[in-house]
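Examination of the molecular architecture
What follows is the residue order along each chain.
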Amino acid sequence: MFTYHSAPFRAMIGAGSYRADKWRMRYFVVVALIVLGVIFLRQKKVENSAPQKTAEAVAQATLTPRPASEHDWAKAAIDRTNEVKRQVKRERASNEVP
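Residues numbered from 1 in each chain as written. Predicted model: local features only at pLDDT ≥ 70, side-chain atom pairs only at ≥ 80, totals over all residues. Heavy atoms only, no water.

Notes on the overall build of the protein
Broken down by element type, the protein carries 4 helices and 0 strands. Helices and strands appear in the protein in the N-to-C order α-α-α-α. Among the 98 residues that make up the protein, the fraction classed as buried is 2%. Roughly 9,800 Å² of accessible area belongs to the protein as shown, and the carbon and sulfur atoms make up 62% of that amount. (Helix = DSSP H or I, 4+ residues; strand = E, 2+ residues; numbered from the N terminus. Buried < 20%, exposed > 50% of the residue type's maximum accessible area, 1.4 Å probe, protein only. Areas by Shrake-Rupley, 256 points an atom, 1.4 Å probe, with all protein chains shown as cover.)

In structure tokens form, the structure reads like this:
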């Protein structure tokens, strides 16, 4: 009686041995982890070397309007309308000054 999964039988039919398959898999996993580690470290290095934003750029970013969400789109529209009204009022007031 033959056990078709035994190492001697697989060696007879040319399927290799269990240890060889296990070694190849370990080698692949180790190489893959090394490659992923190198990619991760390069990415961290790029993130750390990126120029820091100045306070003015951060302040400018906070002044830009955020996109309206589906829940408060009406409020955002009203706020934008009021903002435009105030801007028009200021422009008209500055144009009337002799």
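A word on the confidence of the model for the protein
Here the protein averages 76 in pLDDT, while 55% of its residues score no lower than 70. When pLDDT is averaged over each helix and strand of the protein, the minimum, 55, is found for helix α3 (residues 55-63) and the maximum, 88, for helix α4 (residues 73-96). (pLDDT = per-residue confidence, 0-100.)

Thoughts on the pattern of salt bridges
Taken as a whole and judged by the stated rule, the model has 3 salt bridges. For Glu 47, the salt bridge is made with Lys 44, and the minimal N-O distance between the two is 4.0 Å. On the criterion of helical spacing, the pair formed by Glu 47 and Lys 44 is a turn pair, its members being 3 residues apart in helix α2 (residues 18-49). Between Lys 75 and Asp 79 there is a salt bridge; the shortest N-O distance is 3.2 Å. Of the two residues, Lys 75 and Asp 79 are both situated in helix α4; the distance of 4 residues between them amounts to about one turn of the helix. By relative accessible area, Asp 79 is classed as partly exposed at 37%. (Salt bridge = Lys/Arg side-chain N within 4 Å of Asp/Glu carboxyl O.)

Focus on a nonpolar patch on the surface
Taken together, the side chains of Trp 23, Tyr 27, Val 31, Val 35, Leu 36 and Ile 39 define a hydrophobic patch exposed on the protein surface, amounting to about 640 Å² of accessible area. On the secondary structure map, Tyr 27 appears in helix α2. (Patch = residues over 30% accessible without salt bridge, like charges linked within 9 Å, V, L, I, M, F, W, Y side chains within 5 Å.)

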